[in-house]
Amino acid sequence: LESNAMTFMIMFGSHPPTEFVEGLVKKLSERTTETANCICMCGKNSDLRERLLLKHRAGELQRTAVIGFTDKIPLFMQMSNVVVGKPGPGVVSEALVSSDPLILLGASGEVMQQELDVLRWVEENRAGIVVT
């Protein structure tokens with residue numbers, strides 16, 4: 001990771017969607033107009049972790065840290081400038097506690113029922129940006 005670059009933390013809970021997160025990490029890695037780091041929290045999704053590590057070793061992912069399940073979330077939050085994730089209560093509360101700006105992804109049809117209230121709360125309280 002580059003020390004002076006904007007750092008995005010990608011966090012979609014303990015079982016992030018493989019193809020979606022892989023595409024998001026790839027897009028951030030390919031940024032050419034502005035250098036960006038990416039910390040991808042893979043949680044317990046070993047398939048996502050292995051796929052990203054293979055791409056990283058092959059030189060396809062620049063400025064990317066691939067992290068499996070860990071209890072060091074607060075440390076990685078401190079290293080990041082922006083948290084990108086799902087509207088889960090864990091992701092949202094940890095971003096708010098760390099004072100990191102928050103970008104939530106997911107249309108209401110893709111959000112789990114129990115996360116809809118969190119999504120609405122973030123929108124109503126302007127606690128982050130919701131991208132649908």
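Use the structure listed above.
Quick look at the structure, then. From a predicted model like this one, the values you see are computed outputs, not experimental measurements.

Turning our eyes to something else, we now look at the overall build of the protein chain. Helices and strands together make up the secondary structure of the protein chain, namely five helices and six strands. Going from the N terminus to the C terminus, the protein chain shows its helices and strands as β-α-β-α-β-α-β-α-β-α-β. Taken along the three principal axes of its C-alpha coordinates, the protein chain extends 40 × 30 × 30 Å. The buried share of the protein chain, reckoned over its 132 residues, is 45%. Within the protein chain, contacts between residues at least 6 apart in sequence are counted, and of these 68% link residues at least 24 apart. For the protein chain, the computed accessible surface area is about 7400 Å², with 52% contributed by carbon and sulfur atoms. When the 13 positive and 16 negative side-chain charges of the protein chain are each reduced to one mean point, those points stand 4 Å apart.

Time to look at the pattern of salt bridges. Note that side chains of opposite charge can pair when their charged atoms are close. What the rule picks out here adds up to nine salt bridges. E22 serves as the salt-bridge partner of K55, at 3.6 Å between the closest nitrogen and oxygen. Here E22 lies in helix α1 (residues 18-30) and K55 lies in helix α2 (residues 46-57), a separation of 33 residues in the sequence. With relative accessibility at 10%, the residue E22 sits in the buried group. Among the charged side chains, a network of salt bridges with common partners joins E19, E22, D47, R51, K55 and E60.

For α2, with 12 residues, the first-to-last C-alpha span of 16 Å sits near the 16 Å given by 1.5 Å per residue. For α2, the full list of buried residues reads L48, L52 and L53. For α2, the angular spread of buried residues about the axis comes to 125°, placing them on one side. Exposed side of α2, more than 90 degrees from the buried face: S46, L54 and R57 are the residues found there. Buried positions along α2 lie against α1, β2 (36-43) and β3 (64-68). N-capping of α2 is provided by N45, with a side-chain oxygen placed 3.3 Å from the backbone N of D47. Looking at the residues trailing α2, positive phi occurs at G59, about 85°.

As a further point, take the packing of α1 against α2. Packing of α1 against α2 leaves a shortest axis separation of 10 Å and a crossing angle of 30°. Taken together, the axes of α1 and α2 are roughly parallel relative to one another. Our pair here, α1 against α2, has a crossing hand that is right-handed. On α2, the residues that touch T18, E19, V21, E22 and V25 of α1 are D47, L48, R51, L52 and K55. Tallied by class, the residues present in the contact of α1 with α2 amount to four nonpolar, one polar and five charged.

Here is what the cut-offs are and how they apply
Residues numbered from 1 in each chain as written. Predicted model: local features only at pLDDT ≥ 70, side-chain atom pairs only at ≥ 80, totals over all residues. Heavy atoms only, no water. Helix = DSSP H or I, 4+ residues; strand = E, 2+ residues; numbered from the N terminus. Buried < 20%, exposed > 50% of the residue type's maximum accessible area, 1.4 Å probe, protein only. Contact = heavy atoms within 4.5 Å. Areas by Shrake-Rupley, 256 points an atom, 1.4 Å probe, with all protein chains shown as cover. Lys, Arg positive; Asp, Glu negative; His and termini not counted. Charge placed at Lys NZ, Arg CZ, Asp CG, Glu CD. Salt bridge = Lys/Arg side-chain N within 4 Å of Asp/Glu carboxyl O. Expected span 1.5 Å × (residues − 1). Arc of directions from axis to C-beta. Polar contact = N/O pair within 3.5 Å; in protein donor to acceptor, adjacent residues only side chain to side chain. Axes fitted to C-alpha atoms, helices over the stretch in contact; angles between N-to-C directions. Parallel < 35°, antiparallel > 145°, perpendicular 65-115°, else oblique. Left-handed = near helix turned anticlockwise from the far one by under 90°. Nonpolar A, V, L, I, M, F, W, Y, C, P; charged D, E, K, R; others polar.

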